[in-house]
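Residue-level structure breakdown
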Amino acid sequence: MQPNPETRKSASRLFVVCLTALALLTFATPVAPSFAQASGQVRLKFVKAGLLVGAGRGSGVLTYRGRNYPFSISGVSLGVTAGLTVGRLEGWASGVRELSDFAGLYTSVGGGGALVGGIGGVHLRNDKGVTIVLQGPKAGLEFAANLSGITIALK
């Protein structure tokens, strides 16, 4: 028994609709949800001093989604630390879903040095998944190899 012509037309239409839907789903550009992560530019000034245990304070600005948000930064480093430096660092914060994700306690393991002047850099991460990568010039005298805890508070 052969299918009637109407059944063939319906099956053909259904096949074309399914093929079109599959193509649209495959090649469509996904729409970013409102909770998508965004990057922000970070600029800060930081003064650090220490002998075995280092401490520092500073302030900065996060530029996030077209707006500037000032913040304060403070930290303590444990390990081999000696000297006094002043740094102006710039970089990016990634993994920010909401502005409140930026504030909090960050950890860093690293080292560095400066003799009168040099380039400093740091890679920080907090428990909310935000990563901050900074670099820039620093002036002073310092030798450091340590574990650091940095606290950022939005103003």
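What counts, and where the lines are drawn
Residues numbered from 1 in each chain as written. Predicted model: local features only at pLDDT ≥ 70, side-chain atom pairs only at ≥ 80, totals over all residues. Heavy atoms only, no water. Helix = DSSP H or I, 4+ residues; strand = E, 2+ residues; numbered from the N terminus. Buried < 20%, exposed > 50% of the residue type's maximum accessible area, 1.4 Å probe, protein only. Contact = heavy atoms within 4.5 Å. Areas by Shrake-Rupley, 256 points an atom, 1.4 Å probe, with all protein chains shown as cover. Core = buried A, V, L, I, M, F, W, Y, C linked by side-chain atoms within 4.5 Å. Polar contact = N/O pair within 3.5 Å; in protein donor to acceptor, adjacent residues only side chain to side chain. pLDDT = per-residue confidence, 0-100.

1. So, the overall build of the protein chain
Each helix and strand in the protein chain was counted, giving 1 helix and 4 strands. Each helix and strand of the protein chain, ordered N terminal to C terminal, gives the series α-β-β-β-β. Across the 155 residues of the protein chain, 30% fall into the buried class. Sequence separation of at least 24 residues holds for 70% of the intrachain contacts in the protein chain that already meet a minimum separation of 6. Accessible surface, the protein chain: about 10000 Å² in total, of which carbon and sulfur atoms supply 66%.

2. A word on the environment of S148
Checked against the element boundaries, S148 lands in strand β4 (residues 131-154). Once you skip the residues sitting within four places of it in the chain, S148 turns out to touch V76, S77, Y106, T107 and S108.

3. Brief notes about unusual backbone geometry
One non-glycine residue, R65, lies in the positive phi region at around 50 degrees. Summarising the element assignment, R65 is placed in the loop between β1 (38-64) and β2 (67-96).

4. As for the nonpolar core
Ranked by internal contacts, the top residues of the largest apolar core, which has 20 residues, are V42, F102 and I132. Mapped onto this core, the elements with two or more residues apiece are β1, β2, β3 (104-126) and β4. Beyond its immediate stretch of four places on either side in the chain, F102 contacts V42, L62, F71, A93, N126, V130, I132, I152 and L154.

5. Some points on the side chain of N126
Of note, N126 is situated in strand β3. The exposure class assigned to N126 is buried, which follows from its relative accessible area of 5%. There is a polar contact of 2.9 Å between the side chain of N126 and the backbone nitrogen of K128. Among the polar contacts made by the side chain of N126, one reaches the main-chain amide nitrogen of G129 at a distance of 3.2 Å.

6. A short note on the confidence of the model for the protein chain
Considering every residue of the protein chain, the mean pLDDT works out to 75; 60% of them sit at 70 or more. When the criterion is pLDDT under 50, residues 21-35 qualifies, and its contacts beyond four places in sequence or with other chains add up to 2 contacts.

7. A short note on the side chain of T131
With respect to the element layout, T131 can be found in strand β4. Under the relative-accessibility criterion, T131 is labelled buried at 13%. Side chain to side chain, T131 and R125 meet in a polar contact 2.9 Å long.

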